[in-house]
Amino acid sequence: MTTAPQRTASATLLGLLARDLPPDRLSTDPAALAAHTTDRSGTRPDGEPLAVVHARHTQDVALALRHAQALRVPVVPRGAGTGLSGGATADEGSLVLDLSRMDRILELDAFDQVAVVEPGVITAELDRAAGAHGLRYAPDPASAALSTIGGNIATNAGGLRCAKYGVTRDSVLGLEAVLADGTVVTTGRRTVKGVTGYDLTALLTGSEGTLAVITGATLRLRPVPVAVATLAAYFPTFEAAAEASYAIARAGVEPALAELVDGPVLQAIDPALRERGAALLLVQCDGAGAAVEAAAIARLIAPSATSVETTEDPAESEALLAARRLALPALEKLGRPLIEDIAVPRSRLAEAVREIRAISARHDVPVFTIAHAADGNLHPIVVVDRALDQLPDAAWEAAGEIFALALRLGGTLTGEHGVGLLKRQWVAEELGPASHALQRGLKEVFDPRGILNPGKAL
């Protein structure tokens, strides 16, 4: 419940924003507020935000933050709202800073293989624009057709191709960002190499909007591979598919992607897929040796697979990958997904899969699992009834055991979705007291009044 001083600060902020911003950049309409209160996690906030600022330029962001900090009003930065951890949830009285209209590709330098973009650029659209120059933006989150570059940077998103090309941080060369007091800063550079000063670019990447608001990015592009070869293999068990994925790594083959989909997810996508096996392993190799590498993988995994299909045709490759990309939309049709995002050492992937199945049975909570097998990043997903006001206790207990499992196996609470709201209670356990205190100290340096996405990440 808001206090009288908070109501006064809110009213003052609205007045200042209405005075200083063009009319189309500030909204208090109830429908607009409702559309900006949560993200794809479905997390339900307390109350509704104060207003939405639809930023068009960096100066809109700077102005909004300057006023908000002076009045101590919390600010929630937001892109497309495709986040899965509650990181864009806006509680009562907060100001939502919508960056989705800052959507220009400012520069695409084919010679230096660099793009300069605003945060609202859709990930897949940047990839398409680069493709016209024989290049691509390597990070490939499953939500690439919807998610924004700014959101990807905020969570250090991974994706399907991260097996070979790394996560978002590996493609970010520099940033423009606005600090809590409205100061505009630039970090990094246009060159691939550079070690002058502390690496603020890497620090801001993955900071979930808690340290600064990203308003621009200089990104590394890569040549489009001369060839691709894709393999789809079905297995009698998910554990067998996980073991096969690790066998690929042990053999020294580095695919561009290696994705696992379990039987319950296959059933949700298309029952005909489930009839082919209890798990699907998708592998894609790229470059001049793609066909040779795919053939070697096929020979390696064939003894434990029920079927193996390969193709070198790009269109057929995309058709095979469709099963992975359709996984989350299919589960969303069943209810509200609680999407976990643990990562474990690749050598312990099959062990994690077995333990997750045991946790599911112990709590009588169905768990649907997909995974970026090449880097040990698992997404165990609990689907609950959307009509429920809160998650059932059994779902939370199962989630807690899954997080504990990840840490016990030498892994992490989140590989790519971020902590957001949903995982904060487990953060201290992973970081340890000294590291946790240090990170809280960094937060205070960047955001001394604590207005940037409060209650998230740490």
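For the structure itself, look to the data block above.
Since the structure is predicted, the reported quantities are computational estimates derived from the model, not experimental observations. (Residues numbered from 1 in each chain as written. Predicted model: local features only at pLDDT ≥ 70, side-chain atom pairs only at ≥ 80, totals over all residues. Heavy atoms only, no water.)

K.L.:
Please give an account of the sheet that holds strand S4 (residues 95-98) that cites residues and values.
P.N.:
In space, the 4 strands of this open sheet follow the order S1-S2-S4-S3, with mixed pairing throughout. In this open sheet, the two strands that pair with only one neighbour each are strand S1 (26-27) and strand S3 (75-78). By the bridge criterion, 4 bridges tie strand S2 (residues 51-54) to S4 in an arrangement that is parallel. Residue pairing in the sheet places Val52 in a bridge with Val96 of S4. (Pairing = 2+ DSSP bridges. Helix = DSSP H or I, 4+ residues; strand = E, 2+ residues; numbered from the N terminus.)

K.L.:
So what's going on with helix H11 (residues 290-301)? Which residues, and what values?
P.N.:
Look at H11: 17 Å from first C-alpha to last across 12 residues, which is about the 16 Å you get at 1.5 Å a residue. If you follow the buried residues of H11, they end up packed against strand S12 (228-235), helix H8 (238-250), strand S14 (279-286) and strand S15 (307-311). (Expected span 1.5 Å × (residues − 1). Contact = heavy atoms within 4.5 Å.)

K.L.:
Please provide a residue-by-residue account of the pattern of salt bridges, values included.
P.N.:
Counted according to the given criterion, the structure contains 19 salt bridges. Arg161 is paired through a salt bridge with Asp127; the nearest N and O atoms lie 3.7 Å apart. Residue Arg161 is located in the loop between helix H5 (149-155) and helix H6 (162-165), and its partner Asp127 is located in helix H4 (residues 123-131); the two are separated by 34 residues in the primary sequence. On the accessibility criterion, Arg161 (10% relative accessible area) is buried. Residue Glu355 pairs with Arg408 through a salt bridge whose shortest N-O separation is 4.0 Å. (Salt bridge = Lys/Arg side-chain N within 4 Å of Asp/Glu carboxyl O. Buried < 20%, exposed > 50% of the residue type's maximum accessible area, 1.4 Å probe, protein only.)

K.L.:
An account of unusual backbone geometry is needed here, citing residue identities and associated values.
P.N.:
The backbone of Gln113 sits at a positive phi, close to 55°, despite the residue not being glycine. Mapping Gln113 onto the fold places it in the loop between strand S5 (105-109) and strand S6 (114-117).

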